Amino acid sequence: MTPHLEKIIGFAHRLDLEIIQTNGADELIVVNAEEKGVFHLILDCEDPILVMEQLIYDVKKPSLEHFTRLLQMNRSLVHGAFILDEKGERVIFRDTLQIENLDFNEFEGTINALTLGLAEFSTELMRLNN
């Protein structure tokens with residue numbers, strides 16, 4: 001296990017995130033904290049960055065209004081953004097952080113941004129995707 005992955009696992013433990021999968025070869029873990037809205041959040045050490053991604057939903061009805069509103073929501077997020085996958089079929093929360101000097105507060109900030117973003121926009125995200 002690399003030092004970067006060990007650091008991320010340590011941060012996950014400090015936040016009481018449930019580690020549901022570890023892949024040392026790919027330097028990634030998957031975590032849950034369902035009470036915070038964290039569900040299968042992928043933490044991928046891609047030196048020199050940590051990529052944090054969580055699937056929010058599969059897009060049922062793509063539209064200009066839908067995607068415009070996602071971009072507007074991003075303005076309110078402190079860290080990370082709602083993005084589309086390569087095919088434009090999934091909305092994902094994503095943040096990237098420099099891993100070498102990453103501290104616990106930055107890591108926690110992304111988790112909190114995800115939690116707050118989902119709390120603030122959950123009703124609207126469901127409406128956009130119906």
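Everything quoted here is computed from the prediction, not taken from an experiment.

1. Quick look at the overall build of the protein
Along its length, the protein carries three helices and six strands. What you see in the protein, going N to C, is helices and strands ordered as α-β-β-β-β-α-β-β-α. For 130 residues, the compact-globule estimate of 2.2 N^0.38 gives 14 Å, and the protein sits close to it at 15 Å. If one aligns the C-alpha atoms of the protein with their principal axes, the spans along those axes are about 45 × 25 × 25 Å. A buried classification covers 42% of the 130 residues belonging to the protein. Summarising the internal contacts of the protein: among those between residues at least 6 apart in sequence, 54% fall at separations of at least 24. Element-wise, carbon and sulfur atoms account for 50% of the exposed surface of the protein, whose accessible area totals about 7,400 Å².

2. Things to note about the pattern of salt bridges
The final tally for this structure, using the stated rule, is five salt bridges. Note that Asp58 is salt-bridged to Arg90, the shortest N-O span being 2.9 Å. One end of the pair, Asp58, is in strand S4 (residues 49-58); the other, Arg90, is in strand S6 (residues 90-98), with 32 residues separating them in the sequence. What makes Asp58 partly exposed here is its relative accessible area of 40%. In this structure Arg90 comes out as partly exposed when scored by relative accessible area, which is 38%. As a salt-bridge pair, Arg127 and Glu124 come within 3.9 Å of each other at their nearest N and O atoms. Of this pair, Arg127 and Glu124 both sit in helix H3 (residues 104-128), three residues apart, which is roughly one turn of the helix. A residue is classified by how much of its surface remains accessible, and Arg127, at 46% relative accessible area, is partly exposed. One salt-bridge network, held together by shared partners, links Glu65, Arg69, Glu124 and Arg127.

3. Some points on the nonpolar core
Counting 36 residues, the largest nonpolar core has Ile8, Leu43, Leu50, Ile56, Phe82, Phe107 and Leu125 as its most contacted members. Counting residues per element, the ones that place at least two in this core are helix H1 (3-14), strand S2 (28-33), strand S3 (38-46), S4, helix H2 (64-74), S6 and H3. Counting residues per element, this core draws most heavily on H3, at eight residues. Apart from residues no more than four positions distant in its own chain, Leu43 is found in contact with Ile8, Glu27, Leu28, Ile29, Val31, Leu50, Val51, Met52 and Phe107.

4. Some remarks on the pairing of S4
Regular strands have side chains that alternate between both faces of the sheet. Bridging between S3 and S4 involves five bridges; their strand directions are antiparallel. By the bridge assignment for S4, Asp44 is matched with Val51. Connecting S3 to the next strand, S4, in antiparallel fashion are two residues. In this structure, S4 lies alongside S6, joined through nine bridges in antiparallel fashion. Considered in S6, the bridge of Gln54 is made with Phe93.

Parameters and conventions
- Residue positions are given per chain, counted from 1 along the sequence in the order it is written.
- With the structure being a predicted model, the display of local features is reserved for residues of pLDDT at least 70 and the display and counting of side-chain atom pairs for 80 or more, all residues being used for whole-chain, interface and lining totals.
- Working from all heavy atoms in the structure, the side-chain values ignore hydrogens and water.
- Strands are runs of DSSP state E lasting at least 2 residues, helices are runs of H or I lasting at least 4, and numbering of each runs from the N terminus.
- Within these notes, the globule rule equals 2.2 Å times the number of residues to the 0.38 power, and the radius of gyration is based on C-alpha atoms.
- Categorising residues by exposure relies on relative accessible area from a 1.4 Å probe, with only protein chains included: less than 20% of the type maximum marks a residue as buried, more than 50% marks it as exposed, and the intermediate range marks it as partly exposed.
- Any two residues having at least one pair of non-hydrogen atoms within 4.5 Å are treated as being in contact.
- For the area figures, the Shrake-Rupley method with a 1.4 Å probe applies, and any residue is considered shielded solely by the protein chains shown.
- Put simply, a salt bridge is a Lys or Arg side-chain nitrogen that is within 4 Å of an Asp or Glu carboxyl oxygen.
- To qualify as a nonpolar core, a set must consist of buried Ala, Val, Leu, Ile, Met, Phe, Trp, Tyr and Cys residues joined through side-chain atoms within 4.5 Å.
- Only strands joined by at least two bridges in the DSSP assignment are considered to pair.

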